[in-house]
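# Survey of secondary and tertiary structure
Given next are the chains, with one letter for each unit.
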Amino acid sequence: MPAAAAILVIAVLVFVPAALGWLVTTFLFAFSGGQYRMVGVVNLGAVAVIALGLVAGAAAWLLRSMTAAIITAAFATIGGWVAAVIVEWVLSFWLGA
């Protein structure tokens, strides 16, 4: 697989779930119950998960291979969204859901 194709696969693996995750967490935590204070938390969570997926993929590519980078980016993105939902859920109660 050419490097450009691997980069495209990693980008799709990170940004498509990011868009869907951002929409879901925005609906769950920022709009439900009028939690306007959660908008910044939701946006920061999405940016953090995107950065996590891209940095993990880049590190795996440098240390291992392009295939390992794709797998690592996918798992980092999945784990990042699970963690983001848990953290945002806890913070929504802390900020007064």
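Since the structure is predicted, the reported quantities are computational estimates derived from the model, not experimental observations. (Residues numbered from 1 in each chain as written. Predicted model: local features only at pLDDT ≥ 70, side-chain atom pairs only at ≥ 80, totals over all residues. Heavy atoms only, no water.)

### Some details on the overall build of the chain
Quick reminder of the rule: By definition, any uninterrupted DSSP run of H or I lasting at least four residues is a helix, any uninterrupted run of E lasting at least two residues is a strand, and each is numbered from the N terminus. Burial classes: relative accessible area under 20% of the type maximum marks a residue as buried, over 50% as exposed, and values in between as partly exposed (1.4 Å probe, protein chains only). Whether two residues touch is decided by their heavy atoms; if any such pair falls within 4.5 Å, the residues are in contact.
Looking only at helices and strands, the chain features three helices and zero strands. Along the chain, helices (α) and strands (β) appear in the sequence α-α-α when read from the amino end. The dimensions of the chain, computed from C-alpha atoms along their principal axes, are 50 × 20 × 15 Å. Here the chain holds 97 residues, and 30% of them are scored as buried. In the chain, 75% of the contacts between residues at least 6 apart in sequence involve partners at least 24 apart.

### Points about the packing of aromatic side chains
Using the following cut-off: Think of it this way: a Phe, Tyr or Trp ring, Trp meaning its six-membered ring, pairs with another when their centres are within 6.5 Å, and the plane angle makes it stacked under 30 degrees, edge-to-face over 60, tilted otherwise.
Under the definition given, this model contains one aromatic pair. Geometrically, the ring pair formed by Trp 89 and Phe 93 is edge-to-face, given 5.2 Å between the ring centres and 85° between the ring planes. Here Trp 89 and its partner Phe 93 are both found in helix H3 (residues 66-94), four residues apart, which amounts to about one turn of the helix. Overall, Phe 93 belongs to the exposed group, its relative accessible area being 53%.

### Comments concerning the side chain of Thr 77
Inspection of the secondary structure puts Thr 77 in helix H3. Sequence-distant contacts of Thr 77, defined by excluding residues within four places in its chain, comprise Leu 13, Val 14, Pro 17, Val 49 and Gly 53.

### What to know about the packing of helix H1 (residues 3-31) against H3
Just so we agree on the cut-off: Fitting a line to C-alpha atoms yields each axis, with helices limited to the stretch in contact; the angle taken between N-to-C directions then spans 0 to 180 degrees. For classification purposes, angles smaller than 35 degrees are called roughly parallel, those larger than 145 roughly antiparallel, those between 65 and 115 roughly perpendicular, and all remaining angles oblique. Note on residue classes: Ala, Val, Leu, Ile, Met, Phe, Trp, Tyr, Cys and Pro are nonpolar, Asp, Glu, Lys and Arg are charged, and everything else, Gly too, is polar.
Where H1 meets H3, the closest approach of the two axes is 10 Å, and the angle between their N-to-C directions is 10°. In terms of orientation, H1 lies roughly parallel with respect to H3. Each of Ala 3, Ala 6, Val 9, Ile 10, Leu 13, Val 14, Pro 17, Ala 18, Gly 21, Trp 22, Thr 25 and Phe 29 in H1 lies in contact with H3, whose residues at this interface are Met 66, Ala 69, Ile 70, Ala 73, Ala 74, Thr 77, Trp 81, Val 85, Glu 88, Trp 89 and Ser 92. Across the contact of H1 with H3, the residue classes tally to 18 nonpolar, four polar and one charged.

### Here we look at H3
Where we set the bar: In this scheme, a helix's expected span is set at 1.5 Å multiplied by one less than its residue total.
Taking 1.5 Å per residue as the helical rise, H3 with its 29 residues ought to reach 42 Å, and the 41 Å between its terminal C-alpha atoms agrees with that figure. Here H3 has its buried residues at Ala 69, Ile 70, Ala 73, Ala 76, Thr 77, Gly 80, Trp 81, Ala 84, Glu 88 and Ser 92. Against the buried residues of H3 lie H1 and helix H2 (39-63).

### What about H1?
Three- or four-residue spacings in an α-helix give side chains the same orientation, since the helix completes a turn every 3.6 residues. Applicable threshold: Two axes define the bend at a residue: one fitted to the seven residues ending there, one fitted to the seven starting there, and the bend is the angle between them.
Taking 1.5 Å per residue as the helical rise, H1 with its 29 residues ought to reach 42 Å, and the 40 Å between its terminal C-alpha atoms agrees with that figure. Where H1 bends most, the angle comes to about 25°, and this point is Thr 25. Taken together, the buried positions of H1 are Ala 6, Ile 10, Val 14, Ala 18, Gly 21, Thr 25, Thr 26, Phe 29 and Ala 30. For H1, the secondary structure elements touched by its buried residues are H2 and H3.

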